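A closer look at the structure
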Amino acid sequence: LEAQFEAKLPGLGSPIRIMTRHDAAVFMRRWAIREKDPTLKVLLREIERANSSETLSSAILGFKKALASRGLLGRVGFA
């Protein structure tokens, strides 16, 4: 991933660190199941099907935008 970041699931006390593609996919799966939002399912498919760094970057950017629009994006670019 370009930058590591934290994401929050609604109802969960502490944020989840997203450090790898796998972390992002697992978080998206759980989030899509909880929210039952078709937009999230599309984002999940984009992350899972990304076959180059360019398409993965685009999918992760969409993921971050979705988190930010719902107030669920935590710290970005931590060490």
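The sections below set out a description of the structure shown in this document. Within any chain, residue numbers begin from 1 and follow the written order of that chain's sequence. Where local features are concerned, this predicted model is filtered to residues with pLDDT of at least 70; where side-chain atom pairs are given and counted, the filter is 80 or more; whole-chain, interface and lining totals use all residues. The basis for the side-chain values is all heavy atoms of the structure; hydrogens and waters are excluded.

Let's talk about the pattern of salt bridges
Between Lys or Arg on one side and Asp or Glu on the other, a salt bridge is scored when a side-chain nitrogen of the former is within 4 Å of a carboxyl oxygen of the latter. The full count for this structure, using the stated rule, is 4 salt bridges. Where Arg70 meets Asp37, a salt bridge forms, and the shortest distance between an N and an O atom there is 2.7 Å. One end of the pair, Arg70, is in the loop between helix H3 (53–69) and strand E3 (73–76); the other, Asp37, is in the loop between helix H1 (21–35) and helix H2 (38–49), and 33 residues separate them in sequence. Exposure classes here rest on a 1.4 Å probe applied to the protein chains alone. A residue is buried below 20% of its type maximum, exposed above 50%, and partly exposed in between. Looking at Arg70, the relative accessible area reads 35%, which means it is partly exposed. Salt bridges sharing common partners tie together Glu6, Arg17 and Arg75. The helix and strand labels rest on DSSP assignments: H or I over at least four residues marks a helix, E over at least two residues marks a strand, and numbering proceeds from the N terminus.

So, the packing of aromatic side chains
Working definition: rings of Phe, Tyr and Trp (its six-membered ring) pair if their centres are within 6.5 Å, and the pair is stacked with planes under 30 degrees apart, edge-to-face with planes over 60 apart, and tilted otherwise. Per the stated rule, a full pass over the model turns up 4 aromatic pairs. Ring centres of Phe5 and Phe63 lie 5.6 Å apart, and the angle between their planes is 65 degrees; this geometry places the pair in the edge-to-face category. Here Phe5, found in strand E1 (residues 5–7), pairs with Phe63, found in helix H3; they are 58 residues apart in sequence, far enough to count as distant. Overall, Phe63 belongs to the buried group, its relative accessible area being 0%. Note on Phe27 and Phe63: the rings are 5.8 Å apart at their centroids and 50 degrees apart in plane angle, and the pair reads as tilted. Of this pair, Phe27 sits in helix H1 while Phe63 sits in helix H3; the two residues are 36 residues apart in sequence, bridging distant segments of the chain. This pair shows no difference in class: Phe27 is buried, exactly as Phe63 is. Aromatic ring contacts, followed pair by pair, group Phe5, Phe27, Trp31 and Phe63 into a single cluster.

None of this, on its own, says anything about what the molecule does.
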